[in-house]
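Observations on chain architecture
Okay, here's what each chain looks like letter by letter:
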Amino acid sequence: MAAEVKSKTAGMQLYEVDVGSDEFLREYSTKKSKTKHIPEGVSSRGVYRDIVQIAWPTLIELTLAQLTSMFDMMMVGNLGEAAISSVSLATQPKFILNTIFMSMNVGATALVARCKGARQPERANHFVRQALMLNMLLAAISMVVGLVWLEPLVGLMKPPSAASFQGGMDYLRIQIYGIIPLALTFTITALLRGVGNSKTAMKYNLVANAVNILGNYLLIEGRLGFPALGVVGASLATVIGQCVAFVIAMIVITKPGQYIRLQFTESFKPDFAAYREIAKIGIPAMVENVIMRVAIIIYTRTVTSLGETAYATHNVCMNIQALSFMTGQAFATSATSLMGQSLGRRRPDMGEIYAKYTRRMGLVVSLLLALVFFFFGAPIIRLYTDSAAVVETGKYILMFVAFMQPFQSSQFIIAGGLRGAGDTRSIAIIVTLTTLGVRTGFAVLAVNVFQWGLYGAWAALVADQLLRSLLVLMRFNSGKWKTIKVKI
């Protein structure tokens, strides 16, 4: 049996240790998360290798996806500040509509990871079918809600001009029509990452990004005989790329010979017990995301009150900052998958070790990014716009971004580990406190009372990240995640 397990898990260090006994779990759950030594038979190099095997494809995938988004913004930026604002106005409403099914993916990821750790492939594939059915329904609901409430959703963002408001509605409407294939692709990606297969997801998402960029080239300004559709063309290119990713993802997940596989010969009867387990982890994540989006909308409305130029500067800097999210999210994916597998194998000590080593790797990368943002802010912003006002303010905003890199990275990774353990409720509480209480509250005071302008809004964002990083780390160190029960 040991040889069989090793062959299926590509030599992962987790599967070099014995399955945890009841006595081991009872003893370990009484300790706080301060494990200093790795188990016998496990090497530090092997632990790092396990982390990188999951993180590097995710990092490439997410980074290129964000670069594609940056190219979108750069190409749209040639149309003027109002066009930049149009795309930005649609961003948060789109995230709100996506929140419900993306949150359920958190539950699906944690469950298939535990199934893999417990060596239950049949149960993992049962969750695959249930998660896809559940999210297809939720995506259909999101599509209807988005089309019915299109104008109020864009209006929530307090558009700085009538032109940007209309452009935002045009962009978002097309995005809504592509929600169902997007949702199913996200679900397949989350399931693959849960069992550590991030390389496959990387491949089909890279193809989608290439299609998106080609579509931007052809449709935004009109090239090779295609019409110049502006903001509408950028949105169409994104949706076409997403549909291509969906087709490839479906082909991949139905192929034999992989750990999780969608088989249409198996039962697709709804399993409400499985839905409850997915929702038990996913609903707190959904609450977290909804609260975060609401807070960001309030925060963004505060920024838009500063005018079109300040809003354009803010959006360019947010777009650049999002690139730094990719490293944290890639390592967080490793933390989520490896924590879930470790708990499925009844080895919370290995989950703790993986989280600690992942933070170390994330710290190194975040410091390198901080140096780039601090010293090369102006040249990076000039890739988006030649507006002297945007470049001058934006280069200082990127110094704020540089400062928070290590804290942001740590927060992403530890939160990823907690989600892998199923501890999404604590993350939701922390996000509520920091986004509503700190980011939005401080931003309103800084902009409207202290008159600090855009710098004040970004000071609030930094304060949010610092406090959130501290609270997430405190929660992890409490060790309460060790005793969370999940039925698989």
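Rules of the game
Residues numbered from 1 in each chain as written. Predicted model: local features only at pLDDT ≥ 70, side-chain atom pairs only at ≥ 80, totals over all residues. Heavy atoms only, no water. Helix = DSSP H or I, 4+ residues; strand = E, 2+ residues; numbered from the N terminus. Rg over C-alpha atoms; globule rule 2.2 N^0.38 Å. Buried < 20%, exposed > 50% of the residue type's maximum accessible area, 1.4 Å probe, protein only. Contact = heavy atoms within 4.5 Å. Areas by Shrake-Rupley, 256 points an atom, 1.4 Å probe, with all protein chains shown as cover. 1 Å grid on protein atoms, 1.4 Å probe; cavity = no way out; pocket = protein on both sides within 12 Å on 5 of 7 lines; lining within 4 Å. Points joined across faces, edges and corners; volume = space filled by probe spheres on them. Nonpolar A, V, L, I, M, F, W, Y, C, P; charged D, E, K, R; others polar. pLDDT = per-residue confidence, 0-100. Axes fitted to C-alpha atoms, helices over the stretch in contact; angles between N-to-C directions. Parallel < 35°, antiparallel > 145°, perpendicular 65-115°, else oblique. Polar contact = N/O pair within 3.5 Å; in protein donor to acceptor, adjacent residues only side chain to side chain. Core = buried A, V, L, I, M, F, W, Y, C linked by side-chain atoms within 4.5 Å.

Right, let's talk about the overall build of the chain for a bit. A tally of helices and strands in the chain yields 17 helices and 0 strands. Taking 488 residues into account, the globule formula puts the C-alpha radius of gyration at 23 Å, and the chain, at 22 Å, falls close to it. In terms of overall dimensions, the chain has a C-alpha envelope of 65 × 50 × 35 Å along the principal axes. Taken over 488 residues, the chain has a buried fraction of 56%. Considering only residue pairs separated by 6 or more positions, the chain has 83% of its internal contacts joining residues 24 or more positions apart. Surface exposure of the chain reaches about 19,800 Å², of which carbon and sulfur atoms provide 66%.

Taken as a whole, this structure holds 2 cavities of 30 Å³ or more when the rule is applied. A volume near 30 Å³ is recorded for the second largest cavity. Lining the second largest cavity, in full, are Lys-94, Leu-97, Asn-98, Leu-172, Gln-175, Ile-176 and Ile-179. Where the lining of the second largest cavity is concerned, the elements lending two or more residues are helix H4 (81-117) and helix H7 (162-177). Among the residues making up the lining of the second largest cavity, the classes are represented as 4 nonpolar, 2 polar and 1 charged.

The next thing to look at is the confidence of the model for the chain. Across the chain, the average pLDDT comes to 87, with 95% of residues at or above 70. Low confidence marks residues 1-8, where pLDDT is under 50. Its contacts with residues over four positions away, or in another chain, come to 6 contacts.

Time to look at the packing of helix H8 (residues 179-194) against helix H9 (residues 198-219). Viewed as axis vectors pointing N to C, H8 and H9 meet at an angle of 150 degrees, and their least axial separation amounts to 7 Å. Relative to H9, the element H8 lies roughly antiparallel. When H8 is examined against H9, the residues Thr-185, Ile-188, Thr-189, Leu-192 and Arg-193 are found in contact with a partner set consisting of Ser-198, Thr-200, Ala-201, Tyr-204 and Asn-205. Looking at the contact of H8 with H9 residue by residue, the class counts come to 4 nonpolar, 5 polar and 1 charged.

Residue placement: Ser-103 occurs in helix H4. At 2.7 Å, the side chain of Ser-103 and the backbone oxygen of Thr-99 are in polar contact. Sequence-distant contacts of Ser-103, defined by excluding residues within four places in its chain, comprise Gly-282, Ala-285, Met-286 and Asn-289.

Right, let's get into the nonpolar core. Of all hydrophobic cores here, the largest spans 87 residues; its most connected members are Ile-320, Ile-381 and Trp-458. It is H4 that contributes the most residues to this core, 14 residues altogether. With sequence-adjacent residues up to four places away left out, Trp-458 is seen in contact with Tyr-299, His-314, Cys-317, Met-318, Gln-321, Ile-397, Phe-400, Val-401 and Met-404. Within the second largest apolar cluster, 18 residues are counted, among which are Ile-54, Phe-331, Ile-353 and Ile-413.

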